[in-house]
Amino acid sequence: MSTPPYWPHCGHGADPADPVGCRGIRVPGRTACLAHLTDTDRDTYLAGLTPGADIDHRGTPFTEDLLNRLLDAVRDPTTTHPHLGTAEFVGAQFSGDARFEGAQFSGGARFEWAQFSGDVSFEGVQFSGDAWFEWVQFSGDVSFEGVQFSGDAWFEWVQFSGGAWFGGVRFSGGAAFNGVQFSGDAAFGGVQFSGDAEFEEAQFSGDAEFHGARFSGDAEFDGAQFSAGARFEEAQFSGSAEFGEAQFSGDARFEGAQFSVAARWGPVVCGGTVDLSEAVFGAPVTLEVTARRVRCTRTRWQSTATVRVRHASVDLGYAVLEAPLAVIAHPTPFITAGGLSTDENLLPGSGAVRVVSVQGVDAAHLVLTDTDLSDCLFSGAFHLDQLRLEGRTTLAFTPAGWHRKGIFPARWTRRRTLAEEQHWRAQTAGQPFTPVGAPPEPRRWRTGPHHPDPARTPDPDDIAPLYRQLRKAFEDGKNEPGAADFYYGECEMRRHDRTGTPKIERRLLWTYWLLSGYGLRAGRALGWLVAAMLVTITLLMAFGMPESSPKQEAIGTVPAGGGTVTFIIDKQDVKNPTGDRFTGKRFDKALNITLNSVVFRSSGQDLTTTGTYIEMTSRILEPALLALAVLAIRGRIKR
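The following refers to the structure shown. Nothing here was measured: the structure is a model prediction, and the numbers come from that model.

As for the overall build of the protein
So, point 1. For the protein, the helix and strand inventory stands at nine helices and 51 strands.
So, point 2. Taken over the C-alpha trace, the protein has a radius of gyration of 43 Å; the compact-globule value for 639 residues is 26 Å, which it surpasses by more than 25%.
So, point 3. In terms of overall dimensions, the protein has C-alpha extents of about 175 × 45 × 45 Å along its principal axes.
So, point 4. Counting across all 639 residues of the protein, residues that qualify as buried make up 48%.
So, point 5. Taking all contacts inside the protein whose residues are at least 6 apart in sequence as the whole, residues at least 24 apart take part in 33%.
So, point 6. Charge centroids of the protein, computed over 60 positive and 76 negative side chains, lie 19 Å from each other.

Focus: the environment of Leu 346
So, point 1. Residue placement: Leu 346 occurs in the loop between strand E42 (325–329) and strand E43 (354–357).
So, point 2. For Leu 346, a relative accessible area of 33% translates into the label partly exposed.
So, point 3. Sequence separation between Leu 346 and Phe 248 is 98 residues, and the spatial gap between their C-alpha atoms is 9.2 Å.
So, point 4. Once residues within four sequence positions are removed from consideration, Leu 346 is found in contact with Phe 248, Ser 249, Val 269, Gly 271 and Arg 292.

Quick look at the packing of aromatic side chains
So, point 1. In total, this model carries 83 aromatic pairs according to the counting rule given.
So, point 2. Their ring planes at 0° and their centres at 4.8 Å tell us that Phe 177 and Phe 199 sit as a pair that is stacked. With Phe 177 in the loop between strand E19 (175–176) and strand E20 (181–182) and Phe 199 in the loop between strand E23 (197–198) and strand E24 (203–204), the pair connects residues that are 22 residues apart, well separated along the chain.
So, point 3. On the basis of relative accessibility, which here comes to 0%, the residue Phe 177 falls in the buried class.
So, point 4. Relative accessible area serves as the criterion here: at 0%, Phe 199 is assigned to the buried category.
So, point 5. One Lys or Arg, Arg 110, reaches over the ring of Trp 132 and ends 4.0 Å from the middle of that ring.
So, point 6. For Arg 298, the ring lying beneath its charged end belongs to Tyr 318, and the centroid distance is 5.1 Å.

A look at the pattern of salt bridges
Any two side chains of opposite charge can pair if their charged atoms end up close together.
So, point 1. Under the criterion given, the structure shown has 30 salt bridges.
So, point 2. Note that Arg 444 is salt-bridged to Glu 441, the shortest N-O span being 3.7 Å.
So, point 3. Residue class for Glu 441 comes out partly exposed when judged on its relative accessible area of 43%.
So, point 4. Through salt bridges with shared partners, a single ionic network connects Arg 415, Glu 421, Arg 425, Glu 492 and Arg 495.

Digging into the pairing of strand E47 (residues 402–405)
So, point 1. Here four bridges tie E47 to strand E48 (residues 408–411), and the two strands are oriented antiparallel to one another. In the sheet register, Trp 402 faces E48, and the bridge partner there is Arg 411.
So, point 2. Counting the residues in the hairpin turn of E47 and E48 gives two residues, including Gly 406, whose phi is positive at 75°.

Structural notes on the side chain of Glu 134
So, point 1. Assignment of secondary structure puts Glu 134 in the loop between strand E11 (131–132) and strand E12 (137–138).
So, point 2. In this structure, Glu 134 is in contact with Phe 111, Glu 112, Trp 113, Trp 154, Glu 156 and Val 158, ignoring residues within four places of it in sequence.

Let's talk about the packing of helix H1 (residues 39–47) against helix H2 (residues 64–73)
So, point 1. Taken N-terminus to C-terminus, the directions of H1 and H2 make an angle of 35°; their axes are 9 Å apart at the nearest point. Facing Arg 42, Asp 43 and Leu 46 of H1, the residues of H2 in contact are Leu 66, Arg 69, Leu 70 and Ala 73.
So, point 2. Here the contact of H1 with H2 is built from residues that sort into four nonpolar, no polar and three charged.

Criteria and thresholds
Residues numbered from 1 in each chain as written. Predicted model: local features only at pLDDT ≥ 70, side-chain atom pairs only at ≥ 80, totals over all residues. Heavy atoms only, no water. Helix = DSSP H or I, 4+ residues; strand = E, 2+ residues; numbered from the N terminus. Rg over C-alpha atoms; globule rule 2.2 N^0.38 Å. Buried < 20%, exposed > 50% of the residue type's maximum accessible area, 1.4 Å probe, protein only. Contact = heavy atoms within 4.5 Å. Lys, Arg positive; Asp, Glu negative; His and termini not counted. Charge placed at Lys NZ, Arg CZ, Asp CG, Glu CD. Phe/Tyr/Trp six-rings, centres within 6.5 Å; stacked < 30°, edge-to-face > 60°. Lys NZ or Arg CZ within 6 Å of the ring centre and 35° of its normal. Salt bridge = Lys/Arg side-chain N within 4 Å of Asp/Glu carboxyl O. Pairing = 2+ DSSP bridges. Axes fitted to C-alpha atoms, helices over the stretch in contact; angles between N-to-C directions. Nonpolar A, V, L, I, M, F, W, Y, C, P; charged D, E, K, R; others polar.

What follows is the structure, given as structure tokens:
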């Protein structure tokens, strides 16, 4: 740089290529900086320093030995630690290691634009005034562990090429890390931020650890980029927690974190898992998350919350809902404060949201909108009948196509099922385990997380109540067709339940299933109706109708002396058929009798004794089958 600094500088080594030369500020009363004084002058200057003295060495190049001599000159014999007043190191260059351990800065400390070539240690340092580190370049590892900043601390646009450790630091004032670049790991475990903590546009290339950090003021991470893991376990956010437009390439872990007044969290983009397990949200909050997974296991929601999600599988297992919680699949990328869409390159795909567990949740406060529940576990949840399923809800279907059941081909009735039934049927069928993350096979049942362990797989006795409660949730929402599959599933589980369902009830359910699919399969009921009618027609033609219609006979006696003639009218006895029984005429009569039986009417035809019993049976069975078909159609179209 050819521009000279704004302070009177040393100029040592100036030449045509570098007309400015050394930019170190001149020592008072001298024409050179501390680094370029003569040995005698340097010794005289250092000997004149006392603990607590103000020093000004802006732009000065420090070797490791020269820095140590300067710190020794202001070392307090009582505490054995360096004690500086106001310290000016703006633009200073530190070659080798720089160690300020235990130093005390009574006044302001300015290190803007300084360059540290080696490792740097500020462990245990006390900054009583403000501390400025903007635009500093740390080429090695840096440790600020145990440092106390009584005033404001400014670290904006600093470059940390190595690791940066801030464990146990106390920031009594504001802490600004806007635009900082952490090329290595950044450790802020146990840090206390009494004022606002600003990390806007910060870049974390290594792991970022804020485990147990305390944010008493606002925590601002808007636009921050975390290329590796980010850990905020047990962190406490007493003010707002702003992560708008933050990007996490790895996992973002907030297990046990406490958000006291956060009103909005996000929009966040995470290529891995956003883990909010056992976190506590104490105020109404809206979360906007684009992630591969969102884990809210045992999360406590103390107030109304809305979770808008894209791409993610959401785990709400054993969450505590003290107020309504809505989980909504957001249809389009989130819009940032600047009006732009969030960058979702980390997560290609349609953006569909899967809820994988609501186990142990009080579903009375839960609303799921436009979510995929194909793999959702409901066992252990309560008040499922009050769960609200809004928008388009997707569930897993039964296996498609034909399969072999014993020696006969068979196919499953197409219907929506719960994950628990899928897991139980996969376990009883002896299917091989499907690896986690593998796409489901449409011709097989989905295996559960504990497949094939029968002790950890729900039984029909456990699954039937789930279907019953969810059916009621659909019915209360005036969605009868949506509830139909859950009624079917409930009946299926009761039919297969050998512990809680009596044997006679299982046989009745089996008959109900066989005849009409529990009153939900109109085609099956109509098929049986047609078959029953054909059997009835055949039996009537063979045994039910007489050889010919019996004729009436009138028998009377004329009195010998004249008078009134009395007639007795009777019919001939019905004769069983003996000739050709399957004629067109007999078929027309049998069809007429059968059609009247379907609508529970008597045909008025003369029948044999056997035919009478056939008609009585058909007048009971066939109207019942017709009613089942009508019931099935109504169940599919009623709203």
